Amino acid sequence: MKRPAYATDKVLKTFIKNALEEDIQDGDHSTLSTIPKDLKQSAKLLVKQDCILAGVELAEIIFKTFDKDLKVEIFIKDGEAANVGDVALTVTGSARSILSTERLILNCMQRMSGIATLTHDWDSRLVGTKTKLLDTRKTTPNFRVCEKWAVAIGGGTNHRYGLYDMIMLKDNHIDYNGSITNAVKMAKDYVKSTKKKLKIEVETRNLEEVKEAIKAKVDRIMLDNMSVPMMKQAVEMINGSCESEASGGITRDMLKEIASTGVTYISAGALTHSAENIDLSLKAVK
């Protein structure tokens, strides 16, 4: 699949540089002390748990960033199903380079594959509906690019990437301003004065707030922690005048019922904060 726009070369270069510095600092002394500088070897990325694989492209970028002479052969691509015993890729070249990048590769791929697998499972519950599955900003600091990328690989849709690319007026913004009407007016004035192309979303907690948000004419209304019957009423009230988003305490078992209300999106922080890592290993080819 095509790499998301936010996963730029610059962003990935910074992420990889910081991650390698965190791990290696003044040297991978285990490797430097035991592995000859000119030793060439190969290793295979072994899948030890059925999953939707993610982080393959990133793994190749990490290998090549650390050592441009490493040769990577990919057998299973991002977003493809992988089974126990499959070899996802092989890497050949400096044994030192392979060993020094091993843990970063595995940390990224295990986490990303876990998120992609969970996302794929949840998204499959929405097949046949028009509702799309969104992630949230409930991500690991400094690892967001990988976690959001994994959601996309798993078939989910990325919500806003950060605070900068959409205006989302949540309960605290509204409470600090006194009302949805006041908060939205200020947001619209801000967009106009700054000439920024930003959509405005408003969080609502009850049907009265939904009415107020509809009147304020926003781009999307979030239906936060509402019961399914209330959500259905809210969607009927919105009646296509803007997008709608179900959020708050979403579980896998609720997805179909929520989608039946006709809501445009369902957002779930669980995709990134509750996914379990997939068991993968990088093994020397003897």
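Up top is the structure these notes are about.
Residues numbered from 1 in each chain as written. Predicted model: local features only at pLDDT ≥ 70, side-chain atom pairs only at ≥ 80, totals over all residues. Heavy atoms only, no water.

Asker: Would you mind showing me how to read the pairing of strand β9 (residues 220–224) here?
Answerer: Every other side chain in a regular strand lies on the same face of the sheet, so the side chains alternate between the two faces. For β9, the buried fraction is high: five of the five residues fall into the buried class. Side chains Arg220, Met222 and Asp224 of β9 all project onto a buried face; the interleaved residues Ile221 and Leu223 project onto the opposite face, where all are buried too. Two strands pair when backbone bridges link them, and strand β8 (residues 200–204) and β9 are joined in this way by four bridges, in the parallel orientation. Across the sheet, the residue bridging to Thr204 is Leu223, located in β9. In terms of handedness, the path from β8 via helix α8 (residues 207–216) over to β9 forms a crossover that is right-handed. For β9 and strand β10 (residues 243–247), the ladder comprises five bridges, and the chain directions are parallel. (Buried < 20%, exposed > 50% of the residue type's maximum accessible area, 1.4 Å probe, protein only. Helix = DSSP H or I, 4+ residues; strand = E, 2+ residues; numbered from the N terminus. Pairing = 2+ DSSP bridges. Right-handed = clockwise from strand over helix to strand, strands pointing away.)

Asker: What is the right way to look at the environment of Met109 in this model?
Answerer: Within the element layout of this structure, Met109 appears in helix α4 (residues 95–124). Classification of Met109 by relative accessible area gives buried; the value is 0%. Each C-alpha atom, one on Met109 and one on Ala150, is 9.2 Å from the other, the two residues being 41 residues apart in sequence. Look past the residues within four positions of Met109 in its chain and what remains in contact with it is Leu45, Leu53, Ala54, Gly55, Val56, Ala59 and Leu280. (Contact = heavy atoms within 4.5 Å.)

Asker: How should I be thinking about the pattern of salt bridges in this particular structure?
Answerer: Two side chains with opposite charge may pair up if their charged atoms get near one another. Here the structure, examined in full by the defined rule, presents 16 salt bridges. The salt bridge partner of Lys170 is Glu203, with a shortest N-O separation of 3.9 Å. Taken together, the residues Lys170 in the loop between β7 (167–169) and α6 (171–177) and Glu203 in strand β8 connect sequence positions 33 residues apart. The exposure class assigned to Glu203 is buried, which follows from its relative accessible area of 4%. In this structure, a network of salt bridges that share partners links the residues Glu201, Arg220, Glu243 and Glu245. (Salt bridge = Lys/Arg side-chain N within 4 Å of Asp/Glu carboxyl O.)

Asker: How should the sheet that holds strand β3 (residues 71–74) be read in this particular structure?
Answerer: Remark on secondary structure: sheet strands pair via backbone hydrogen bonds, oriented parallel or antiparallel. Strands sit in the order β3-β5-β1-β12 across an open sheet of four strands; the sheet is antiparallel. Across the chains shown, the open sheet's two edge strands, defined by having one partner strand only, are β3 and β12 (280–284). Shown here is a sheet whose adjacent strand axes are inclined to one another by a mean of 20 degrees, direction ignored. Bridging between β3 and strand β5 (residues 87–94) involves four bridges; their strand directions are antiparallel. In the sheet register, Val72 faces β5, and the bridge partner there is Val91. Together, β3, β5 and β12 form the strand contacts of helix α3 (residues 56–66), whose direction differs from that of β3 by roughly 170 degrees. (Axes fitted to C-alpha atoms, helices over the stretch in contact; angles between N-to-C directions.)

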